[in-house]
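A structural walkthrough
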Amino acid sequence: MVEPVEGDSRFDRPLSRDVDAVLSSEEVRVLWDFVHGDIMSGPTRQRLQEYWGMCPRHSWAYAVAEIELWEAGAGARGGHQPFDLTVLYTDLLQTMAGRLSSGRRHRQIRSLERHGQCVICADVRGGTPSGIVVTHAGMDLQELTREANEMRFTTEWLIETRPLWAAAVCPECAKTWSVPAQPGTLPCRAHMLTGQAFSDAALELTRTMLVELAGQVRALTDSMTQSGLPATEPVNASWVKAVSWFSGWDFPLTLTRSS
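Quick summary incoming for the structure in this document. Treat the numbers as computed from the prediction; the structure is a model and nothing was measured.

1. A look at the overall build of the chain
In terms of regular secondary structure, the chain is built from 14 helices and two strands. For the chain, the residues scored as buried account for 47% of the 259 residues in total. Considering only contacts within the chain whose residues lie at least 6 apart along the sequence, 74% involve residues at least 24 apart. Of the roughly 12,200 Å² of accessible surface on the chain, 53% is carried by carbon and sulfur atoms.

Spelled out as structure tokens, the structure:
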């Protein structure tokens, strides 16, 4: 088998329910393993911090795998929610906010860059496994893949929270999808890197936004526990804003374009 590298065409496609863009069973296998423990590894968490999560495709695929396949839990939804993902993004948001608050301007801008490789791209091997492949808890990989690619619960959550996250869509991402951008919205991480030089005021606005968003994402994590408070509407939309800021808005805009 040939190990894929960053830039493999399989991973260049934005994730969607289109037949040529859905998750392969091998991607689901690696993501399901990741949700069940790989994320707890210290070296893995370090790689995630250096790369600011995963590549755009697998950032959203990670959310899809957890939301679609995790069927039990505390909180209002009782499962089908991105608990591990919100823990990770609370950390990433806080770390990024800290890096944007100190040092010289060029160092702050450079802190937006990814370093290393997407941990999922690095772990996916070969093509689609043949036959019945059993994964965690004796579950059939082909059935898990089918359920993940329905994206039922993910789509419902995105549609439910769209009035809130749509107000934060990056202006450049909005332009790509021909949707209206709200006045004063901030660019996502990738478009900050490719845009014009930013003023101290713009960087401070971004830092403040990230700190506020980190608090909301943390509240969403807490709402999925037995002792946590129920999530408010802004808190319910926070994970979408967090993943989108780091990896772009293509996925939520794609899944809700006909709603």
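2. Here's the deal with the packing of helix α2 (residues 25-35) against helix α8 (residues 141-150)
One way to put it is that α2 packs onto α8 with a least axis distance of 9 Å and a crossing angle of 95°. Viewed along their axes, α2 and α8 adopt a mutual orientation that is roughly perpendicular. Between α2, through S25, V28, R29 and W32, and α8, the contact on the second element is made entirely by L141, Q142, L144, T145 and A148. Among the residues making up the contact of α2 with α8, the classes are represented as five nonpolar, three polar and one charged.

3. A look at the packing of helix α4 (residues 56-69) against helix α13 (residues 233-247)
Two numbers describe how α4 lies on α13: the axes approach to 9 Å, and their chain directions differ by 160°. Relative to α13, α4 is oriented roughly antiparallel. For α4 against α13, the interelement crossing comes out right-handed. Seen from α4, the contacting residues are P56, S59, W60, A63 and I67; seen from α13, they are W239, V240, V243, S244 and S247.

4. Some words on the side chain of R189
Structurally, R189 can be placed in helix α11 (residues 189-194). For the buried R189, no salt bridge exists, and the shortest N-O distance to an oppositely charged side chain is 8.4 Å, to E113. Beyond its immediate stretch of four places on either side in the chain, R189 contacts W52, M96, L112, E113, R114, W245 and F246.

5. Describing the state of the cysteines
According to the stated counting rule, one finds zero disulfides in the structure shown. Distance from the sulfur of C118, which forms no disulfide, to the nearest cysteine sulfur (C55) is 3.7 Å. A residue is classified by how much of its surface remains accessible, and C118, at 0% relative accessible area, is buried. For the unlinked cysteine C170, the closest cysteine sulfur is that of C173, found at 3.9 Å.

6. Notes on the nonpolar core
Judged by nonpolar contacts, the single largest core of 67 residues is most densely connected at I120, W239 and W249. In terms of residues, this core owes the most to one element, α4, which gives eight residues. Excluding residues within four positions of it along the chain, W249 makes contact with W165, A168, V169, C170, C173, C188, V240, K241 and S244.

7. What about the packing of aromatic side chains?
Scanning all chains against the criterion turns up nine aromatic pairs. Seen in terms of ring centroids, W60 and F251 are 5.2 Å apart; in terms of plane orientation they differ by 25°. Their pairing is stacked. Placement of W60 in helix α4 and of F251 in helix α14 (residues 250-255) is noted, with a sequence separation of 191 residues between them. Overall, the relative accessible area of 3% leaves F251 in the buried class. Following the ring pairs from residue to residue traces out a cluster consisting of W52, Y89, W245 and F246. The ring centre of W157 lies 3.7 Å from the NZ or CZ of R77, which sits over that ring. R114 extends its terminal NZ or CZ atom over the ring of Y51, reaching a point 4.7 Å from the ring centre.

The rules behind these values
- Residues numbered from 1 in each chain as written.
- Predicted model: local features only at pLDDT ≥ 70, side-chain atom pairs only at ≥ 80, totals over all residues.
- Heavy atoms only, no water.
- Helix = DSSP H or I, 4+ residues; strand = E, 2+ residues; numbered from the N terminus.
- Buried < 20%, exposed > 50% of the residue type's maximum accessible area, 1.4 Å probe, protein only.
- Contact = heavy atoms within 4.5 Å.
- Areas by Shrake-Rupley, 256 points an atom, 1.4 Å probe, with all protein chains shown as cover.
- Axes fitted to C-alpha atoms, helices over the stretch in contact; angles between N-to-C directions.
- Parallel < 35°, antiparallel > 145°, perpendicular 65-115°, else oblique.
- Nonpolar A, V, L, I, M, F, W, Y, C, P; charged D, E, K, R; others polar.
- Left-handed = near helix turned anticlockwise from the far one by under 90°.
- Lys, Arg positive; Asp, Glu negative; His and termini not counted.
- Salt bridge = Lys/Arg side-chain N within 4 Å of Asp/Glu carboxyl O.
- Disulfide = S-S within 2.5 Å.
- Core = buried A, V, L, I, M, F, W, Y, C linked by side-chain atoms within 4.5 Å.
- Phe/Tyr/Trp six-rings, centres within 6.5 Å; stacked < 30°, edge-to-face > 60°.
- Lys NZ or Arg CZ within 6 Å of the ring centre and 35° of its normal.

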